[in-house]
Amino acid sequence: MLSDLTTVLLIEDNATDASLIQQALANATDSRFKVEWVTRLAEALKRLELSPIDVVLLDPRLPDCEGVGAFDQVFKAAPDSLILLLGAADDETIVRTVTKAPVDTHWLPRALHYVNTRKATEHVLRAAEEALFEAKERAQVTLNSIGDAVLTTDLQGNVTYLNLVAEEMTGWPREEALGHPLAEVFRIIDGTTLQPATNPAERAIREDRTVGLAADCVLIRRDGFESAIEDSSAPIHNRLGQVSGAVIVFRDVTQSRAMAQKMAHLAQHDFLTGLPNRLLLTERLAQAIGLAHRHKKQVALMFLDLDFFKHINDSLGHAIGDRLLQSVAARLAGCIRATDTLCRQGGDEFVVLLAEIEQPHDAAHVANKLLNTLAAPHMIGGHELHVTLSIGISIYPQDGRSVDTVMQNADTAMYHAKASGRNNYRFFKADMNTRAVQRLMVEGNLRRALKQREFVLHYQPQIDLDSGLMSGAEALIRWQDPVQGLVYPAEFIPVAEESGLIVPIGKWVLREACLQIRSWLDAGLPAVPVAVNVSAVELRSKNFVADVAQILRETRVEARYLELELTESVLLQDADSSAEILDELKAMGVRIAMDDFGTGYSSLSYLTRFPIDVLKIDQSFVGKIDTHPDDAAIVSAVISMGRSLNQQIIAEGVETSAQLDFLRAQKCDTGQGYQFSHPLCADDFGRLLTPETGTPRQQPLVS
Ligand code: C2E
Ligand code: MG
Ligand code: MG
């Protein structure tokens, strides 16, 4: 930009002319001039080398140079300066005026001022052009280096610009796309309906605001390739603020959408089996209920639980357990229609949703199919594994109208299927819930019973079959309920086990049995060892071994007076830790008995892992000795096995003399049952402890 003060180099050999011009410039009112005067071209060139000059006034007829040659040299030396020829060619009117009419000298400064202003304007214009070019270039480079595709349209919706990414994604080179309707270049459809999606640019223009695109949008490239996109469009305004077109920015979200889909799948499916999980099931059940309501149909929900899966998992390991679950899942899936849902609830629980059934019988049909499909063994890791199912069925709307009640009732029915022998199905019945409520009441009552000391122990003698004398006793709990009277363990032990109350109850039983032994001993009676039943929950409760030791210490009872009865399934639930606990108890001198032997599923070799002193043959075998030869054979096999393992054998539930004869003939050590005595209260039992009836089997027990 020119400064206020215009520098002028006057090259003029004629002193009069020079002075005239200087005078005119000095008198100018609308511009200020600083004039330097030289008379020779050589001198001028030297001056121009020193610093820039705004205007050069050149007399082309100089002594050292003439005409165009002079101009050329000045121009070379000062290309940015404005050069005016004084009195040169005819068209140089302004200057000619100056030189030819010296009186009119006020024109020279005006002319210079005018020329000067024009030059300044040109300068500004050039700078603006440059800035514009730079801005355009910057925008271009930016648009081509960002990852998003950018496309613009005019007001009519014809393409006016595409960046490189947009070219790639649409498959349209810019030169070809320009002027084409947007819908041709930017073809989008709704990913779900596959119908053409609304053009966002049109909306942005119409509504004059930034708009986003439908969530599930797919762009179809010119060659037909499809990519999931996410985009937005904004109106472009002209200088008057009017909408003149639109810009669409979009990006490929195929990968992130696939990832999102994968995440959604993971959230709704079970990792191990790939089946829908509880979350998805709940959703589908809600849908199914809605549809059934409208179509006046029914929905069946079946809760499936594998029987004794835990045994397999504990004994063969989780890897085998997992593969078994996968195998079961595959078989179950084969039994249902595509419109039904099989889901894994977690653990060994599956759920089948039959979306639309005509009648409950349809569900029974599927349940039978499910039970049958599991009948064949699963071959896994070289093992032949057998599993069965217990199934509970509840039907919408008869058993419940909400997702929660239908689920809850199927679960309740499943427990009943388990309780009634497993490997079967049960339809939900309203009184099942009454029973559930009863259970809750029992639990509350048990807490009270514990506090108010309503439990008592009865003792059932165990008889040495050789001598006919008592060799021990089993302590059996009873609940003296103030309202119901005497309640037997079958009624409340399961609830106590489920609620965890069995731990404090069991501890009470242990202490009570030991206190009783102490009091018999203190009374000078020949006390016998007493067997106490221990549940799984108790055995695994923290401090079980320490508690036993403490109770023995407190009551000053020798460990050999105490026997603990455990069932096979208790031991097998976690064989390693069971063996450890038993070893500790054994080290203390406590005897271990295996209760209800023969009803479990363990292999005999497995049992040798545990330090077992006593095998109690379950009463179900003993009771059938005289009627079922198979059971008689089992009993005699167990007796001889026990003998070879050096274990004492007790036959439970001996009720008849025929059974007793058989057991004696088989050389069974001990018998327990009504044939000898029912369980007795402590006082009655104490009366049996005389030197005549109670006698040591191996060693004197009286201390
Ligand atoms: P169990 O340990 O197998 O006890 C033997 C059961 O058979 C007892 O039933 C006993 O009264 C009964 N019984 C004895 N002789 C005969 C007979 O000749 N014929 C028949 N039919 N039955 C006979 P009870 O007392 O009702 O106990 C049932 C079960 O409750 C016990 O079976 C045991 O598993 C459990 N139980 C009992 N007391 C306790 C306890 O203090 N703690 C724990 N955890 N469970 C206990
Ligand atoms: Mg027992
Ligand atoms: Mg038993």
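Scroll up a little and you will see the structure.
So, here is what we can say about the structure in this document. (Residues numbered from 1 in each chain as written. Chains lettered and ligands numbered in written order. Predicted model: local features only at pLDDT ≥ 70, side-chain atom pairs only at ≥ 80, totals over all residues. Heavy atoms only, no water.)

1. Describing the site of ligand 1
Part 1: Around ligand 1 sit 22 residues in total, of which Arg478, Asp595, Gln619, Glu655 and Tyr674 are the nearest.
Part 2: Take Gln460: an N or O atom from its side chain is 3.0 Å from a nitrogen atom of ligand 1.
Part 3: Separating a nitrogen atom of ligand 1 from a side-chain N or O atom of Glu655 is a distance of 2.5 Å.
Part 4: Here ligand 1, which alone exposes 780 Å², has 82% of that area covered by the protein.
Part 5: The set of elements that each furnish at least two residues to the shell around ligand 1 consists of strand 22 (470-481), helix 18 (502-522) and strand 26 (591-597). (Near = heavy atom within 4 Å. Polar contact = N/O pair within 3.5 Å; in protein donor to acceptor, adjacent residues only side chain to side chain. Areas by Shrake-Rupley, 256 points an atom, 1.4 Å probe, with all protein chains shown as cover. Helix = DSSP H or I, 4+ residues; strand = E, 2+ residues; numbered from the N terminus.)

2. With respect to the pattern of salt bridges
Part 1: Overall, the coordinates contain 30 salt bridges when judged by the stated rule.
Part 2: Note that Arg609 is salt-bridged to Asp576, the shortest N-O span being 2.4 Å. With Arg609 in the loop between helix 23 (604-607) and strand 27 (614-617) and Asp576 in helix 22 (residues 575-588), this residue pair connects regions lying 33 residues apart in the sequence.
Part 3: A residue is classified by how much of its surface remains accessible, and Arg609, at 37% relative accessible area, is partly exposed.
Part 4: The structure contains a network of salt bridges with shared partners spanning Glu474, Glu565, Lys616 and Glu652. (Salt bridge = Lys/Arg side-chain N within 4 Å of Asp/Glu carboxyl O. Buried < 20%, exposed > 50% of the residue type's maximum accessible area, 1.4 Å probe, protein only.)

3. Digging into a nonpolar patch on the surface
Part 1: There is a patch of nonpolar side chains on the surface, built from Val456, Leu486 and Tyr488 and spanning about 240 Å² of accessible area.
Part 2: Within the secondary structure, Leu486 is located in strand 23 (residues 485-487). (Patch = residues over 30% accessible without salt bridge, like charges linked within 9 Å, V, L, I, M, F, W, Y side chains within 5 Å.)

4. Focus: the coordination of the magnesium ion (ligand 3)
Part 1: Coordination of the magnesium ion (ligand 3) by the protein is provided by Asp595 (OD), Asp596 (OD), Glu652 (OE) and Glu652 (OE), with metal-donor distances spanning 2.0 to 2.6 Å.
Part 2: Site description for the magnesium ion (ligand 3): donor spacing in sequence, D-D-x55-E.
Part 3: A gap of 4.0 Å separates the magnesium ion (ligand 3) and the magnesium ion (ligand 2), which Asp595 links by coordinating each metal. You can see Asp596 sitting in strand 26 and its partner Glu652 sitting in the loop between strand 28 (648-651) and helix 26 (657-665), a full 56 residues away along the chain. (Donors = N, O, S within 2.8 Å, 3.2 Å for Na, K, Ca; no water.)

5. Quick notes on the coordination of the magnesium ion (ligand 2)
Part 1: Within the first shell, the magnesium ion (ligand 2) binds the protein through Glu474 (OE), Asn533 (OD1), Glu565 (OE) and Asp595 (OD), at distances of 2.0 to 2.2 Å.
Part 2: Along the chain, the residues that donate to the magnesium ion (ligand 2) are spaced as E-x58-N-x31-E-x29-D.

6. Overview of the nonpolar core
Part 1: Phe455, Tyr459, Ile477, Leu564, Leu585, Phe610 and Leu663 are the most contacted members of the largest nonpolar core, which has 79 residues in total.
Part 2: Tallying contributions element by element places helix 18 first for this core, with ten residues.
Part 3: Aside from chain neighbours lying at most four places away, what touches Phe455 is Leu446, Ala449, Leu450, Ile477, Arg478, Trp479, Phe492, Ile505 and Trp508.
Part 4: Core analysis: the second largest hydrophobic core is formed by 33 residues, Val328, Leu370, Leu371 and Leu385 among them. (Core = buried A, V, L, I, M, F, W, Y, C linked by side-chain atoms within 4.5 Å. Contact = heavy atoms within 4.5 Å.)

Nothing here speaks to function; it is all geometry.
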